[in-house]
Amino acid sequence: MTTKKVEVQQAVMAADLSYAQKIKDRLREKGILMVNLIGSPGSGKTTLLEKTLGKDGLRAAVIEGDVATDRDAKRIEATGVPSIQINTDGGCHLEANWVDSTIDKLPLDELDIIFVENVGNLVCPAEFDIGEDHKVAISSVPEGPDKPLKYPLLFTEASAVVLTKTDLLPYVPFDLDLYWGDVGKLNPKAKRLDMSCVKGEGLEEWSRILRGWLEEKRNG
Amino acid sequence: MSLVSAILESLEKMVDENGWSSVKSVTLRVGAMRQVIPDVMKFAFDVSVKGTPMEGAELAIISVPIKFSCRGCGAHWGEEELGYLCPFCGGTNVDMDQGMELELESLEVQER
């Protein structure tokens, strides 16, 4: 028995990336856009979906990632769009291999867009490519304006940043300039959106962004 | 935790392929943008390797600092100015050159 040192120099996430690539290839062939919604628990991901689904003419489906329970999935089901729930059994994010084994259960020939509602968490979901076209960072006014700098990976990876619950701005100390200033430094190319699902603010712009992405994907 | 699972998966595959009897130490390069807390990762590793050929292996983590560069003006900067906006020319054509690494650098293994 001998001990020896072995130089490896090997990236660890290779397996995950191959699943992500498989999903990308499949969705490109079908012309379907995939949008990965990432934000804290309670930031308003499910509510945003409820306000989006079935209202903008896009044929959508939802993959729901949750640690436990099917509460969010039930809310999505009530909108009438096809949805599939992935329970992570305590896992803090979705991974490409789970999404891969789920995706063919959706009616792919009848879809324009698949939303993935990731597990409520600002850290891990940003690490994992699940084959999506765009990550969307969702954070809400009551969480405070310091989230971009505290969780920079999510905000640098996101194609769009949505600030939800802006109807609470009169009641909660929140520095909008600080928040959007930090987002602008981390990721000047991200689309920025103030949103209140209660007041309906930002929903039309959100719809325009989604349509723009879909068009880009189908023409590109 | 799932980063640790991914690492263990890679290690197990290597142990299988090379027929090593055990792994004594693992050196990992982790980018600072990976949001890994070394002590937490070491703890997760120690707990997860029980009953595998990696049991008892020492995990060393080399932290790789974040570095950006601007394609516009050629400037380089690090984590004091986080982000894809060049602090020198204000340009947005910026690359993250390092900071997202998650790589097995080297191992010490016991051969059969």
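Residues numbered from 1 in each chain as written. Chains lettered and ligands numbered in written order. Predicted model: local features only at pLDDT ≥ 70, side-chain atom pairs only at ≥ 80, totals over all residues. Heavy atoms only, no water.

Per an unreviewed UniProt entry, chain A goes by the name Hydrogenase accessory protein HypB and belongs to Dethiosulfovibrio peptidovorans DSM 11002.

Draft legend 1. Representation of the UniProt feature "domain: CobW/HypB/UreG nucleotide-binding" (unreviewed entry) in chain A in the model. Within this numbering scheme, the UniProt entry marks residues 35-191 of chain A as carrying the feature "domain: CobW/HypB/UreG nucleotide-binding" (unreviewed entry). When the span residues 35-191 of chain A is considered, its composition is 28% helix and 22% strand, and the gap between its end C-alpha atoms is 14 Å. (UniProt positions renumbered as here; feature names shortened; annotations may be inferred. Helix = DSSP H or I, 4+ residues; strand = E, 2+ residues; numbered from the N terminus.)

Draft legend 2. How the structure looks around the sheet that holds strand E1 (residues 3-11) of chain A. The strand order across the open sheet formed by four strands is E1(A)-E6(B)-E1(B)-E2(B), and the pairing between neighbours is mixed. Unpaired on one side and paired on the other, E1 of chain A together with strand E2 (58-64) of chain B mark the two borders of the sheet. Each strand of the sheet is rotated relative to its neighbour by a mean of 20°, with strand direction disregarded. Of the strand pairs in this sheet, E1(A) and strand E6 (residues 102-111) of chain B are connected by seven bridges, and their pairing is antiparallel. Its bridge partner being in E6(B), Gln10(A) is matched across the sheet by Leu104(B). Against the sheet, helix H1 (residues 2-18) of chain B touches E1 of chain A together with strand E1 (20-31) and E6 of chain B, its axis set at about 40° to E6(B). (Pairing = 2+ DSSP bridges. Axes fitted to C-alpha atoms, helices over the stretch in contact; angles between N-to-C directions. Contact = heavy atoms within 4.5 Å.)

Draft legend 3. Structural view of a negative patch on the surface. Negative charge collects at one region of the surface, where Glu9(B), Glu12(B), Asp16(B) and Glu17(B) lie side by side. Residue Glu17(B) is classed as exposed on the basis of its relative accessible area of 58%. (Patch = residues over 30% accessible without salt bridge, like charges linked within 9 Å, V, L, I, M, F, W, Y side chains within 5 Å. Areas by Shrake-Rupley, 256 points an atom, 1.4 Å probe, with all protein chains shown as cover. Salt bridge = Lys/Arg side-chain N within 4 Å of Asp/Glu carboxyl O. Lys, Arg positive; Asp, Glu negative; His and termini not counted. Charge placed at Lys NZ, Arg CZ, Asp CG, Glu CD. Buried < 20%, exposed > 50% of the residue type's maximum accessible area, 1.4 Å probe, protein only.)

Draft legend 4. Structural detail: the interface of chain A and chain B. Each partner contributes residues to the interface: chain A has 29 residues there, and chain B has 30 residues. For the pair chain A and chain B, the summed buried area comes to about 2,800 Å², and 58% of that belongs to carbon and sulfur atoms. Taken together, the links from chain A to chain B amount to two salt bridges. Taking the shortest distance from any N to any O, the salt bridge between Glu111(B) and Lys4(A) comes out at 3.1 Å. For the pair chain A and chain B, the number of links is 15 residue pairs in polar contact (both at pLDDT 80 or more). Elements supplying a minimum of two residues to the side of chain A that touches chain B: E1, helix H6 (152-157) and helix H7 (176-186) of chain A. Per-element accounting of the side of chain A that touches chain B gives the leading share, nine residues, to E1(A). Its residues assigned to classes, the side of chain A that touches chain B shows 14 nonpolar, eight polar and seven charged. (Buried area = accessible area lost by both parts, 1.4 Å probe. Polar contact = N/O pair within 3.5 Å; in protein donor to acceptor, adjacent residues only side chain to side chain. Nonpolar A, V, L, I, M, F, W, Y, C, P; charged D, E, K, R; others polar.)

Draft legend 5. Region of interest: the nonpolar core. Of all hydrophobic cores here, the largest spans 29 residues; its most connected members are Leu11(B), Val26(B), Phe45(B), Leu104(B) and Leu107(B). Of all the secondary structure elements, the ones that give two or more residues to this core are E1 of chain A together with H1, E1, helix H2 (38-48) and E6 of chain B. For this core, the leading source of residues is H1(B), giving eight residues. Counting 27 residues, the second largest nonpolar core, distinct from the first, contains Leu154(A), Ala158(A), Ile66(B) and Tyr84(B). (Core = buried A, V, L, I, M, F, W, Y, C linked by side-chain atoms within 4.5 Å.)

Draft legend 6. A look at H2(B). All names here are of chain B. For H2, the full list of buried residues reads Met41, Ala44 and Phe45. Down the axis of H2, the smallest arc covering the buried residues is 100°, so these residues share one side. In H2, those exposed residues whose orientation departs by more than 90 degrees from the buried face are Asp39 and Phe43. Tucked into the core, H2 has its buried residues touching H1, E1 and E2. (Arc of directions from axis to C-beta.)

Draft legend 7. Region of the structure containing the pattern of salt bridges. All names here are of chain A. Scanning the entire structure with this criterion turns up 22 salt bridges over all chains. Its salt-bridge partner being Glu29, residue Arg26 comes within 3.6 Å of it at the nearest N-O pair. Here the residue Arg26 and the residue Glu29 both occupy positions in helix H1 (residues 14-30), the gap between them amounting to three residues, near one helical turn. The exposure class of Glu29 is exposed, given its relative accessible area of 60%. Among the ionic pairs, Lys217 bridges to Asp133, the shortest N-O distance being 2.9 Å. Separated by 84 residues along the polypeptide, Lys217 in helix H8 (residues 203-219) and Asp133 in the loop between strand E5 (113-117) and strand E6 (134-140) bring together distant segments of the chain. Within this structure, Arg26, Glu29 and Asp104 form a network of salt bridges that share partners.

Draft legend 8. Geometry of unusual backbone geometry. One non-glycine residue, Lys165(A), lies in the positive phi region at around 60°. Secondary-structure assignment places Lys165(A) in the loop between strand E7 (160-164) and H7. Residue Lys165(A) is classed as partly exposed on the basis of its relative accessible area of 28%. For Gln35(B), which is not glycine, the phi torsion reads 60° and is therefore positive. Here Gln35(B) shows up in the loop between E1 and H2. By relative accessible area, which is 24% here, Gln35(B) ends up partly exposed.

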